[in-house]
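# Examining the three-dimensional arrangement
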Amino acid sequence: MNRTRSLTFFAAFAAALSSSMAFLPSTNSNRMQVQLLHSSSTSSTTSFIENELRGAAMRLHTRQQAPKEGQAPAKKMEPYTPTRADYLQFLIDSQHVYKAFESFVNERPELEAFRNTGLERVAPLETDITFMCNEYGLTRTEVGQPGLKYAEMIRGIQSIPEFMCHYYNFYFAHTAGGRMIGKQMSALLLDKKTLEFYKWDGDLNQIKARVKESIENMAAHWSEKEKQECVDATAAAFQGGGGVNSHLSGGQSPH
């Protein structure tokens, strides 16, 4: 990859990394804007996700990403072109974090609504990790520090509202900016092969709508203190997800 093409790739890739939480970036006159993925079943006037969670997340975006609402200072990232080994490490760390999420959900009766939703990613990632090792002669490495650190944080959470902030941001990030990252990695490293990580059984929009409705139903019974606990976890959720993504940017995180 020549330098000009590398810099062009990195500019697009950095934008995807920066916006790869639960909000989908779109380009309008070369400006990144952030759109919430709406659930059709919930009114915007009563939606906890759209109002409280969205507001907290938007404040963590830069003015470039969210011109009207972004407040975070722009963080310069040096150009970096990821390798297949980097991508494999990203997949390994991602799977470790998803395991922590799934264990948390499966161990708590009050989270039954979030079992077998269709968003689970541990099994698809196992298929992809095996493929990467077999197809490209790569060695399956141990989980990296970003994955270990974030999974440990998830396992240590005591508050359900706090956990749901991490759950929403991590899972829905993958259905938004995460898919952009996957498309770019596919073109750069995999001869445009789409990994199982980026495939879902059934209509993804319907799956997301059902999960969002479950979150809204749960939040409707929270106290104001519990809602604030959820909102206050947004920065940590961005940092955790950004840490895992940093495997694709030479250790740099936009958050």
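Residues numbered from 1 in each chain as written. Predicted model: local features only at pLDDT ≥ 70, side-chain atom pairs only at ≥ 80, totals over all residues. Heavy atoms only, no water.

As recorded by an unreviewed UniProt entry, the chain carries the name Heme oxygenase 1 and is attributed to Fistulifera solaris.

Secondary structure summary: the chain contains ten helices and two strands in total. Ordered by position from N to C terminus, the α and β elements of the chain give α-β-β-α-α-α-α-α-α-α-α-α. Expressed as a percentage of the 255 residues in the chain, the buried residues total 53%. The contacts of the chain with a sequence gap of at least 6 include a subset with a gap of at least 24, amounting to 78%. A total accessible area of about 12400 Å² is found for the chain, and carbon and sulfur atoms account for 46% of it. (Helix = DSSP H or I, 4+ residues; strand = E, 2+ residues; numbered from the N terminus. Buried < 20%, exposed > 50% of the residue type's maximum accessible area, 1.4 Å probe, protein only. Contact = heavy atoms within 4.5 Å. Areas by Shrake-Rupley, 256 points an atom, 1.4 Å probe, with all protein chains shown as cover.)

Now for the packing of helix α6 (residues 160-175) against helix α7 (residues 177-189). Their axes nearest at 3 Å, the elements α6 and α7 cross at an angle of 45°. Relative to α7, the element α6 is oriented oblique. Packed against α6, whose contacting residues are Ala 173, His 174 and Thr 175, the element α7 presents Gly 177, Gly 178 and Arg 179 at the interface. Here the residues of the contact of α6 with α7 sort into one nonpolar, four polar and one charged. (Axes fitted to C-alpha atoms, helices over the stretch in contact; angles between N-to-C directions. Parallel < 35°, antiparallel > 145°, perpendicular 65-115°, else oblique. Nonpolar A, V, L, I, M, F, W, Y, C, P; charged D, E, K, R; others polar.)

Below, the discussion takes up the confidence of the model for the chain. With 80% of its residues at a pLDDT of at least 70, the chain reaches an overall mean of 86. Note that pLDDT drops below 50 for residues 2-8; the model gives that stretch three contacts with residues more than four away or on any other chain. In this model, residues 23-42 is a region of pLDDT below 50 whose contacts with residues beyond four sequence positions or in other chains number 57 contacts. (pLDDT = per-residue confidence, 0-100.)

Here we take up the pattern of salt bridges. A complete count under the given rule lists five salt bridges for this structure. Taking the shortest distance from any N to any O, the salt bridge between Glu 107 and Arg 108 comes out at 3.5 Å. The exposure class assigned to Glu 107 is exposed, which follows from its relative accessible area of 58%. Taking relative accessible area as the criterion, Arg 108 reaches 21% and is therefore assigned partly exposed. For Glu 126, the salt bridge goes to Arg 140, with nearest N and O atoms at 2.8 Å. Note that Glu 126 is positioned in helix α4 (residues 122-136) and Arg 140 in the loop between α4 and α5 (145-156), a separation of 14 residues in sequence. According to the relative accessible area criterion, Arg 140 is partly exposed, its value standing at 39%. (Salt bridge = Lys/Arg side-chain N within 4 Å of Asp/Glu carboxyl O.)

On to the nonpolar core, then. Counting 59 residues, the largest nonpolar core has Tyr 87, Phe 163, Met 164 and Tyr 167 as the members making the most contacts within it. With eleven residues, helix α3 (residues 84-106) is the single largest residue contributor to this core. Non-local contacts of Tyr 87, meaning those with residues more than four positions away in its chain, are made with Met 132, Gly 182, Met 185, Leu 189, Leu 190, Leu 195, Tyr 198 and Leu 248. (Core = buried A, V, L, I, M, F, W, Y, C linked by side-chain atoms within 4.5 Å.)

Moving on, we come to unusual backbone geometry. The phi dihedral of Asp 191 falls on the positive side, at around 55°, and the residue is not glycine. Along the chain, Asp 191 falls in the loop between α7 and α8 (204-219). Phi at Lys 192 is positive, roughly 70°, even though this residue is not glycine. Relative to the elements of secondary structure, Lys 192 occurs in the loop between α7 and α8.

We now examine helix α2 (residues 48-59). In this model α2 runs 16 Å from its N-terminal to its C-terminal C-alpha over twelve residues, within 8% of the 16 Å that 1.5 Å per residue would give. Burial in α2 covers these residues: Phe 48, Ile 49, Leu 53, Arg 54, Gly 55, Ala 56, Ala 57 and Met 58. Where α2 begins, the capping side chain belongs to Ser 47, and its oxygen is found 3.4 Å from the backbone nitrogen of Ile 49. (Expected span 1.5 Å × (residues − 1). Polar contact = N/O pair within 3.5 Å; in protein donor to acceptor, adjacent residues only side chain to side chain.)

Bringing the packing of aromatic side chains into the picture now. Tallied over the full model, the rule gives 19 aromatic pairs. Ring centres 5.4 Å apart and planes at 20° place the aromatic pair Phe 101 and Phe 170 in the stacked group. With Phe 101 in helix α3 and Phe 170 in helix α6, the pair connects residues that are 69 residues apart, well separated along the chain. When its relative accessible area of 0% is taken as the criterion, Phe 101 is described as buried. Assessed through its relative accessible area of 9%, Phe 170 is described here as buried. Here the guanidinium or amino end of Arg 108 rests over the ring plane of Phe 104, the centre of that ring lying 3.5 Å away. (Phe/Tyr/Trp six-rings, centres within 6.5 Å; stacked < 30°, edge-to-face > 60°. Lys NZ or Arg CZ within 6 Å of the ring centre and 35° of its normal.)

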